[in-house]
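Coordinates in review
Now for the letters of each chain:
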Amino acid sequence: MINYSKQDIIDELLKISSKPKTKAPHIVDKRNYLIAILYYTFKATEEEIIIYTNLTSRSTINHAKRTAFELYKIKDKLFLKNVNELIQKYPCDFDNFDVKTRDYNTTATTISITLSHHQLASFTRYLKSKKIDKPSDGAKQLIISVLKLWEE
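Residues numbered from 1 in each chain as written. Predicted model: local features only at pLDDT ≥ 70, side-chain atom pairs only at ≥ 80, totals over all residues. Heavy atoms only, no water.

This part is about the packing of aromatic side chains. For the structure shown, the criterion picks out 4 aromatic pairs. Centroid distance Tyr4 to Phe42: 6.1 Å. Interplanar angle 70°. Geometry classified as edge-to-face. Of this pair, Tyr4 sits in the segment before helix 1 (6-17) while Phe42 sits in the loop between helix 2 (25-41) and helix 3 (46-50); the two residues are 38 residues apart in sequence, bridging distant segments of the chain. Taking 5.1 Å as the distance between ring centres and 90° as the angle between the ring planes, the aromatic pair formed by Tyr39 and Tyr40 counts as edge-to-face. Here the aromatic cluster, defined as three or more aromatic residues joined through ring pairs, consists of Tyr4, Phe42 and Tyr90. Between Lys65 and the ring centre of Tyr39, over which it is positioned, the NZ or CZ distance is 3.8 Å. Across the ring face of Tyr72, the terminal group of Lys75 is positioned such that the distance to the ring centre comes to 4.9 Å. (Phe/Tyr/Trp six-rings, centres within 6.5 Å; stacked < 30°, edge-to-face > 60°. Helix = DSSP H or I, 4+ residues; strand = E, 2+ residues; numbered from the N terminus. Lys NZ or Arg CZ within 6 Å of the ring centre and 35° of its normal.)

In structure tokens form, the structure reads like this:
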């Protein structure tokens, strides 16, 4: 039994979306949580949800709802902290939803990372000193080296 309406969620989402776009996790997590509630609880379509946000593509809505679901399910501490106020106000039991999630290949994967300017400069110097042309090869070599040290 939920004690809030679809319009309550829409109003909250409109408040968040009325501010300039940001990638700040405390804002993005709240937006994603509300999008997930609209999608999973109220069966709103991605096309309908986009109207209430400052987002520009259906794929972004798809990513937002899935991210909120997955972070909630794994009990991500930062996510739960960021959406705690909304969880209190608009509780949603994501465990009751039959959502297909990706099974990741445990034999190989691709990892995407973001480096600060300083880290990128250091990494570039490392690539040059080791005469490595492709950043992906350098990153792989570094990870393998660190993992060997860690396993010892």
